[in-house]
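# Commentary on secondary and tertiary structure
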Amino acid sequence: MNRISICTSFIFLATLNTVAQAGDSRNNLISLYGINSEVENTKENTVGIFYNTEEVKVRLDKGADLYNAAALLKFNPLENKGYIKIGVDYMNRKIGGEQTDTYYGSLGLGYMVLDDVYVEVGSSINKLNGGLTVPDQTTKQMYADITKRFDTSAGTLDTSLSCGNIGSEFTENKNFYKIGMDYYPVNNARLAYVYSRIEGNTSNNFSLAYGYLIAAYRNSLSYDARTITLGVQFAFADMLDISSYTMPTNIKLHLSE
């Protein structure tokens, strides 16, 4: 079944090529990467592909005990002043020796309140279908964030602050917040850092993108867990035409992404 899903997903990726737009905005990107994860001495290796444009993002990950497909669509009904984000995600993975299915959906609404200042609010729901040993569980989340861009002679700095609440059936509701910074010294280089804090867990996420190269490192300060990602990215004019793949020259994300 996973093989069929992967083939179907790649066909879907190809059809998305019709919505990729060229121009002076940031490049349309496609990435290939590998992920090495370790949680309490349990290791897992995953490979993935990421189709990344301003309006459409699709990610496919595959490991020995994991299959994950996710998509995020952004609509601009108010000519870039306001936007709507719709996200979906499906994951099949083995937990405690048992295969589980997780379904995720999200909705976000954003608006540019000032030049280079966006606010966004949204919610999501996550449904885990377990089995005999893993109980079913539904998790809901509400969030709000604000992003601000600073253009300077030394480059561009994007800053973000997010906060919200997560609630599930078996645990008390927990508050969380995130602080993020994305620095672009030049248009095809990006240094990023995100600090995340939720009751009982703190994590750091570092990432780098330069030309063809992408890399990221994430650790949990409260648990023995870390993730390393390494890969390559390409700009493209036509996803189905390999000859159109080039080194990215502008990876600066739109502030509403």
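To keep things clear, this report deals only with the structure shown in the data block. Note that this is a predicted model, so its numbers are computed, not measured. (Residues numbered from 1 in each chain as written. Predicted model: local features only at pLDDT ≥ 70, side-chain atom pairs only at ≥ 80, totals over all residues. Heavy atoms only, no water.)

### Looking at the overall build of the protein chain
- If you tally the helices and strands in the protein chain, you get one helix and 14 strands.
- By its C-alpha atoms, the protein chain is 55 × 40 × 35 Å across when sized along the principal axes.
- The buried share of the protein chain, taken over its 257 residues, is 38%.
- Contacts in the protein chain between residues far apart in sequence, at least 24 positions, make up 42% of those at least 6 positions apart.
- Accessible surface computed for the protein chain: about 14,400 Å², of which carbon and sulfur atoms make up 60%.
- Taken as two groups, the 22 positive and 27 negative side-chain charges of the protein chain have centres that lie 3 Å from each other. (Helix = DSSP H or I, 4+ residues; strand = E, 2+ residues; numbered from the N terminus. Buried < 20%, exposed > 50% of the residue type's maximum accessible area, 1.4 Å probe, protein only. Contact = heavy atoms within 4.5 Å. Areas by Shrake-Rupley, 256 points an atom, 1.4 Å probe, with all protein chains shown as cover. Lys, Arg positive; Asp, Glu negative; His and termini not counted. Charge placed at Lys NZ, Arg CZ, Asp CG, Glu CD.)

### Things to note about the nonpolar core
- Ile 30, Ile 49, Tyr 51, Val 56, Val 58, Leu 60, Tyr 67, Ala 69, Ala 71, Phe 236 and Met 239 together form the largest nonpolar core, which totals eleven residues.
- Of all elements in the fold, only β2 (42-52), β3 (56-63) and β4 (66-75) reach the threshold of two or more residues within this core.
- In this structure, Tyr 33, Ile 35, Ala 209 and Ile 214 belong to the second largest nonpolar core, which totals seven residues. (Core = buried A, V, L, I, M, F, W, Y, C linked by side-chain atoms within 4.5 Å.)

### A look at the side chain of Asp 158
- You can see Asp 158 is positioned in strand β9 (residues 155-168).
- Separated by 2.6 Å, the side chains of Asp 158 and Arg 149 make a polar contact.
- The contact partners of Asp 158, leaving out residues within four places of it in the chain, are Lys 148, Arg 149, Gly 180, Met 181, Asp 182, Tyr 184, Leu 253 and Leu 255. (Polar contact = N/O pair within 3.5 Å; in protein donor to acceptor, adjacent residues only side chain to side chain.)

### Some remarks on the side chain of Asn 27
- Here Asn 27 lies in the loop between α1 (2-15) and β1 (29-39).
- Exposure remark for Asn 27: the relative accessible area of 15% places this residue in the buried category.
- A polar contact of 2.8 Å, which involves the side chain of Asn 27, links it to the backbone nitrogen of Thr 249.
- If sequence neighbours within four positions are ignored, Asn 27 has contacts with Asn 52, Ala 235, Pro 248, Thr 249, Asn 250 and Ile 251.

### A short note on the pairing of β2
- Sheet topology note: the β1/β2 ladder contains eleven bridges and is antiparallel. Paired with Ile 30 across the two strands is Tyr 51, which belongs to β2.
- Between β1 and β2, which pair antiparallel in sequence order, lie two residues; one of them, Glu 40, sits at a positive phi of approximately 50 degrees.
- Relative to β3, β2 runs antiparallel, the two being bridged by seven bridges. Each bridged residue has a counterpart across the sheet, and for Gly 48 the counterpart in β3 is Asp 61.
- In textbook terms, the turn of a hairpin is the stretch between consecutive antiparallel strands, and for β2 and β3 this stretch comprises three residues. (Pairing = 2+ DSSP bridges.)

### Some thoughts on the environment of Val 58
- Note on placement: Val 58 falls in strand β3.
- For Val 58, a relative accessible area of 4% puts it in the buried group.

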